[in-house]
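# Fold and contact review
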Amino acid sequence: ESFLKEIIHFLKDHMSEHFEEEEEIMKKNNFSDYDYHSAIHDIFKKDIYDIIDIYEKKPDFSTHIIFKLQKVIDNLIHHIQNVDINLRLINNGNSNE
């Protein structure tokens with residue numbers, strides 16, 4: 001079971017750090033989709049904290065927890081491929097498009 005805890009906390013820590021850095025870049029560059037993008041990050045954070053809550057209350061629900069983790073990971077991949085792609089505008093000097 002400890003491997004599951006490690007995975008959950010790694011994902012939480014990585015997401016938190018990444019989202020914080022990404023949002024700071026967006027704010028600094030007045031990125032027009034900041035509010036939308038930040039709201040999506042909040043959903044991811046809520047999802048991972050829900051998983052942590054389930055794990056802490058019912059660690060024997062590992063199949064359920066793994067299913068929920070996979071869903072978060074799948075959604076995160078989709079987010080990176082379809083939403084984060086818009087951050088390329090910052091790198092191209094067009095942060096308000």
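The following refers to the structure shown. No experiment lies behind these values; they were computed from the predicted model shown. (Residues numbered from 1 in each chain as written. Predicted model: local features only at pLDDT ≥ 70, side-chain atom pairs only at ≥ 80, totals over all residues. Heavy atoms only, no water.)

## Side note on the layout of surface pockets
How we decide: Cavity and pocket criteria rest on a 1 Å grid covering protein atoms alone: a 1.4 Å probe that fits but cannot get out defines a cavity, protein on both sides within 12 Å along at least 5 of 7 lines defines an open pocket, and an atom within 4 Å of a point defines a lining residue. Grid points are joined across faces, edges and corners, and a volume is the space filled by probe spheres set on the points. Segments assigned H or I by DSSP are reported as helices when at least four residues long, segments assigned E as strands when at least two residues long, and all are numbered from the N terminus. Residue polarity is assigned by list, with Asp, Glu, Lys and Arg as charged and Ala, Val, Leu, Ile, Met, Phe, Trp, Tyr, Cys and Pro as nonpolar; anything else, Gly included, falls into the polar class.
Of the volumes computed, that of the largest pocket is approximately 230 Å³. Lining the largest pocket are 13 residues, with His-18, Glu-22, Ile-25, Asp-84 and Leu-87 positioned closest to its centre. Broken down by secondary-structure element, the contributors of at least two residues to the lining of the largest pocket are helix H1 (2–28), helix H3 (62–82) and helix H4 (88–91). In terms of residues, the lining of the largest pocket owes the most to one element, H1, which gives seven residues. Here the lining of the largest pocket is built from residues that sort into seven nonpolar, three polar and three charged.

## A look at the pattern of salt bridges
The condition is simple: Salt bridges, as used here, are contacts in which a Lys or Arg side-chain nitrogen is within 4 Å of a carboxyl oxygen on Asp or Glu. The cut-offs for exposure are 20% and 50% of the maximum accessible area for each residue type, with area from a 1.4 Å probe on protein chains only; residues under the lower value are buried, those over the upper are exposed, and the others partly exposed.
Applying the stated criterion across every chain yields a total of four salt bridges. Lys-45 is the partner of Asp-42 in a salt bridge, and the nearest nitrogen-oxygen pair spans 3.8 Å. You can see Asp-42 and its partner Lys-45 sitting in helix H2 (residues 34–57), three residues apart, about one turn around the helix. A relative accessible area of 42% places Asp-42 in the partly exposed class. For Asp-53, the salt bridge identified is with Lys-57, shortest N-O distance 3.3 Å. Pair noted here: Asp-53 and Lys-57 are both in helix H2, with a separation of four residues, about one helical turn.

## Comments concerning a negative patch on the surface
Heads up, the condition is: Each patch groups residues whose relative accessible area exceeds 30% and which form no salt bridge, using 9 Å between like charges and 5 Å between nonpolar side chains of Val, Leu, Ile, Met, Phe, Trp and Tyr. Calculation of accessible area relied on Shrake-Rupley with a 1.4 Å probe; when residues are assessed, cover is drawn exclusively from the protein chains displayed. Counted charges follow a simple rule, with Lys and Arg positive, Asp and Glu negative, and His plus the chain ends left uncounted. To locate a charge, take atom NZ for lysine, CZ for arginine, CG for aspartate or CD for glutamate.
The grouping of Glu-17, Glu-20, Glu-21 and Glu-24 at the surface amounts to a negative patch. Tracing the chain through its elements places Glu-21 in helix H1. Relative accessible area serves as the criterion here: at 47%, Glu-21 is assigned to the partly exposed category.

## Looking at H2
The criterion, for reference: Take the number of residues in a helix, subtract one, and multiply by 1.5 Å to get its expected span. Residues count as neighbours in contact if any of their non-hydrogen atoms are within 4.5 Å of one another.
With 24 residues, H2 extends 34 Å from end C-alpha to end C-alpha; this agrees with the ideal 34 Å at 1.5 Å per step. All of the buried residues along H2 are Tyr-34, His-37, Ser-38, Ile-40, His-41, Phe-44, Ile-48, Ile-51, Ile-52 and Tyr-55. Among the structural elements, H1 and H3 are those in contact with the buried residues of H2.

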